[in-house]
Amino acid sequence: MVEILKLKTGSRYENLASYSRLVSVDDWIFVSNTAGRNPLTQEIPEDVTEQTEQVLANIERALLAVDASLGDVVASRIFIQNPSDTSAVMAKIGERFRGIDPAMTLTCPPLSSKDYKVEVEVTAYRGASKGNIEVKKI
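Below you will find a few notes about this structure. (Residues numbered from 1 in each chain as written. Predicted model: local features only at pLDDT ≥ 70, side-chain atom pairs only at ≥ 80, totals over all residues. Heavy atoms only, no water.)

Interhelical geometry of helix H2 (residues 48-64) versus helix H3 (residues 86-97) gives an angle of 35 degrees and a closest axis separation of 9 Å. Crossing angle aside, the handedness with which H2 passes H3 is right-handed. Between H2 and H3, the residues in contact are Val48, Thr49, Thr52, Glu53, Leu56 and Glu60 and Ala88, Val89, Lys92, Ile93, Arg96 and Phe97, respectively. (Axes fitted to C-alpha atoms, helices over the stretch in contact; angles between N-to-C directions. Helix = DSSP H or I, 4+ residues; strand = E, 2+ residues; numbered from the N terminus. Left-handed = near helix turned anticlockwise from the far one by under 90°. Contact = heavy atoms within 4.5 Å.)

The next subject is the layout of surface pockets. If you add up the space inside the largest pocket, you get close to 690 Å³. Forming the walls of the largest pocket are 25 residues, and the residues nearest its centre are Thr9, Ser11, Tyr19, Arg21 and Arg37. If you list the elements that add at least two residues to the lining of the largest pocket, you get helix H1 (12-17), strand S3 (28-34) and H2. In terms of residue class, the lining of the largest pocket is made up of nine nonpolar, 10 polar and six charged. Of the volumes computed, that of the second largest pocket is approximately 190 Å³. Lining the second largest pocket are Gly71, Asp72, Val73, Val74, Gly99, Ile100, Asp101, Ala128, Ser129, Ile133, Glu134 and Val135. (1 Å grid on protein atoms, 1.4 Å probe; cavity = no way out; pocket = protein on both sides within 12 Å on 5 of 7 lines; lining within 4 Å. Points joined across faces, edges and corners; volume = space filled by probe spheres on them. Nonpolar A, V, L, I, M, F, W, Y, C, P; charged D, E, K, R; others polar.)

Moving on: the sheet that holds strand S6 (residues 118-125). Across the sheet, six strands lie side by side as S1-S2-S3-S6-S4-S5; this open sheet has mixed pairing. Each edge of the sheet is formed by a strand with only one pairing partner; in this case those strands are strand S1 (4-7) and strand S5 (103-107). Across the sheet, the mean angle from the axis of one strand to that of its neighbour is 10 degrees, orientation sign disregarded. Two elements, strand S2 (residues 22-25) and S3, share four bridges in a ladder whose sense is antiparallel. Looking at the pairing, Val25 lines up with Trp28 of S3. The sheet contacts of H2 involve S1, S2, S3, strand S4 (73-80) and S6, and relative to S6 the element is tilted by about 30 degrees. Of the strands in this sheet, S4, S5 and S6 are in contact with H3, which crosses S4 at around 160 degrees. (Pairing = 2+ DSSP bridges.)

Next up on the list: a nonpolar patch on the surface. There is a patch of nonpolar side chains on the surface, built from Trp28, Phe30, Val74 and Tyr125 and spanning about 350 Å² of accessible area. Residue position: Phe30 is located in strand S3. (Patch = residues over 30% accessible without salt bridge, like charges linked within 9 Å, V, L, I, M, F, W, Y side chains within 5 Å. Areas by Shrake-Rupley, 256 points an atom, 1.4 Å probe, with all protein chains shown as cover. Salt bridge = Lys/Arg side-chain N within 4 Å of Asp/Glu carboxyl O.)

Right, let's get into the environment of Asn38. Within the element layout of this structure, Asn38 appears in the loop between S3 and H2. Distance in space between the C-alpha atoms of Asn38 and Gln51 is 9.1 Å, their sequence separation being 13 residues. When near neighbours in sequence (up to four residues on either side) are disregarded, Asn38 contacts Glu43 and Gln54.

What follows is the structure in structure tokens.
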């Protein structure tokens, strides 16, 4: 039997749009597009680097709740409001994903709020960080 877990954070938007922050199907984990709002204070940092750190902290918190980690991320999708912020966001993403090296998509569409400078969505596989990893160059 397939094991499905739907993780809710209590966000009013999860209720409004009827979605989960994270859904795991057996060992596959899908984390919804995540913004940089601090879940405790509800504040959003102005600085794009701080906002990126908060986004990753929010994702990491959700993954830890289902016995996974950023090391288990196999794909990420990064959405940046302002193309001029790309270098700063990618530097922070690179710090946290160095050695994990997931498949990645980056785009600069309008985001749902002008307050959001970056949003990230990830797919993880529980235990991927402990797998036999081979890196090839083509």
